[in-house]
Amino acid sequence: MSGIPPEVTGVWLHSHEEDTSSAMVFRPRDYPLRPARWRDAIEVRADGTCIWHGSSPDDRGQATPGRWEDLGNGQAQMTVAAGDSGPLLRRIQSWAPDKLVIDKGQH
């Protein structure tokens, strides 16, 4: 699993103010983001696992385990459980030490 460099592993906070219609932007935990009531987060681990930290319907935090895989040619994809509707696939569009861009997702 060599698709994601070591500097991309760690916890990334959703910078929703930078999102586009098709992509979600995440910044490192120590990035100076504007204050927000809640920010989803993704934890990318070197062993190929990930954890999506989102809010539940009652606004409490909810951790959902998943996996990421190297698709080759500098591409990677995350698969996160999404309840009864099946797994949620999120392609990682790009990554850099200070920015992780992920597709909004598809089932």
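Residues numbered from 1 in each chain as written. Predicted model: local features only at pLDDT ≥ 70, side-chain atom pairs only at ≥ 80, totals over all residues. Heavy atoms only, no water.

**Description of the side chain of Asp40**
And then number 1: By the secondary structure assignment, Asp40 is in the loop between β2 (23-28) and β3 (41-44).
And then number 2: Polar side-chain contacts of Asp40 include one of 2.7 Å to the side chain of Trp38.
And then number 3: Beyond its immediate stretch of four places on either side in the chain, Asp40 contacts Trp12, Leu13, His14, Phe26, Trp52, His53, Gly54 and Ser55. (Helix = DSSP H or I, 4+ residues; strand = E, 2+ residues; numbered from the N terminus. Polar contact = N/O pair within 3.5 Å; in protein donor to acceptor, adjacent residues only side chain to side chain. Contact = heavy atoms within 4.5 Å.)

**Some points on the sheet that holds β3**
And then number 1: Judged by pairing direction, the barrel is antiparallel, and its eight strands sit side by side in the order β1-β2-β8-β7-β6-β5-β4-β3 before closing back on the first. The mean angle between the axes of side-by-side strands here comes to 30 degrees, regardless of whether they run parallel or antiparallel.
And then number 2: Bridge analysis of β3 against strand β4 (residues 49-55) gives four bridges, and the strand direction is antiparallel. Across the sheet, the residue bridging to Ile42 is Trp52, located in β4. (Pairing = 2+ DSSP bridges. Axes fitted to C-alpha atoms, helices over the stretch in contact; angles between N-to-C directions.)

**Topic: the pairing of strand β7 (residues 88-96)**
And then number 1: Two strands pair when backbone bridges link them, and strand β6 (residues 75-80) and β7 are joined in this way by five bridges, in the antiparallel orientation. Looking across to β7, one finds that Val80 is bridged to Leu88.
And then number 2: Across four bridges, the pairing between β7 and strand β8 (residues 99-103) is antiparallel. In the sheet register, Trp95 faces β8, and the bridge partner there is Leu100.

**Observations regarding the pairing of β4**
And then number 1: Burial of β4 is extensive: five of the seven residues sit out of reach of the surface.
And then number 2: Counting the residues in the hairpin turn of β3 and β4 gives four residues, including Gly48, whose phi is positive at 95 degrees.
And then number 3: Judged from the seven bridges that link them, β4 and strand β5 (residues 61-72) form a sheet pairing that is antiparallel. Among the inter-strand pairings, Thr49 is bridged to a residue of β5, identified as Arg67.
And then number 4: Where β4 folds back onto β5 in an antiparallel hairpin, the turn is made up of five residues, including Asp59, whose phi is positive at roughly 70 degrees. (Buried < 20%, exposed > 50% of the residue type's maximum accessible area, 1.4 Å probe, protein only.)

**Brief notes about the packing of aromatic side chains**
And then number 1: Evaluation of the coordinates by the stated rule reveals one aromatic pair.
And then number 2: When the centroid spacing of 5.6 Å and the interplanar angle of 75 degrees are considered together, the rings of Phe26 and Trp52 count as edge-to-face. Residue Phe26 is located in strand β2, and its partner Trp52 is located in strand β4; the two are separated by 26 residues in the primary sequence.
And then number 3: With relative accessibility at 10%, the residue Trp52 sits in the buried group.
And then number 4: Of note, Arg90 hangs over the ring of Trp52, and the distance from its end group to the ring centre comes to 4.4 Å. (Phe/Tyr/Trp six-rings, centres within 6.5 Å; stacked < 30°, edge-to-face > 60°. Lys NZ or Arg CZ within 6 Å of the ring centre and 35° of its normal.)

**Considerations on the confidence of the model for the chain**
And then number 1: Per-residue confidence for the chain gives a mean pLDDT of 84, with 89% of residues at or over 70.
And then number 2: Considering each helix and strand of the chain separately, the mean pLDDT is smallest for β6, with a value of 82, and largest for β2, with 95. (pLDDT = per-residue confidence, 0-100.)

**What to know about the pattern of salt bridges**
And then number 1: A full pass over the atoms with the stated rule returns six salt bridges.
And then number 2: Glu17 is the salt-bridge partner of Arg34, the closest N and O atoms lying 3.7 Å from each other. Of the two residues, Arg34 is situated in the loop between β2 and β3 and Glu17 in the loop between β1 (10-14) and β2; the sequence distance between them amounts to 17 residues.
And then number 3: Take Glu17: its relative accessible area is 32%, and that puts it in the partly exposed class.
And then number 4: One network of salt bridges, with partners in common, ties together Glu17, Arg34 and Arg39. (Salt bridge = Lys/Arg side-chain N within 4 Å of Asp/Glu carboxyl O.)

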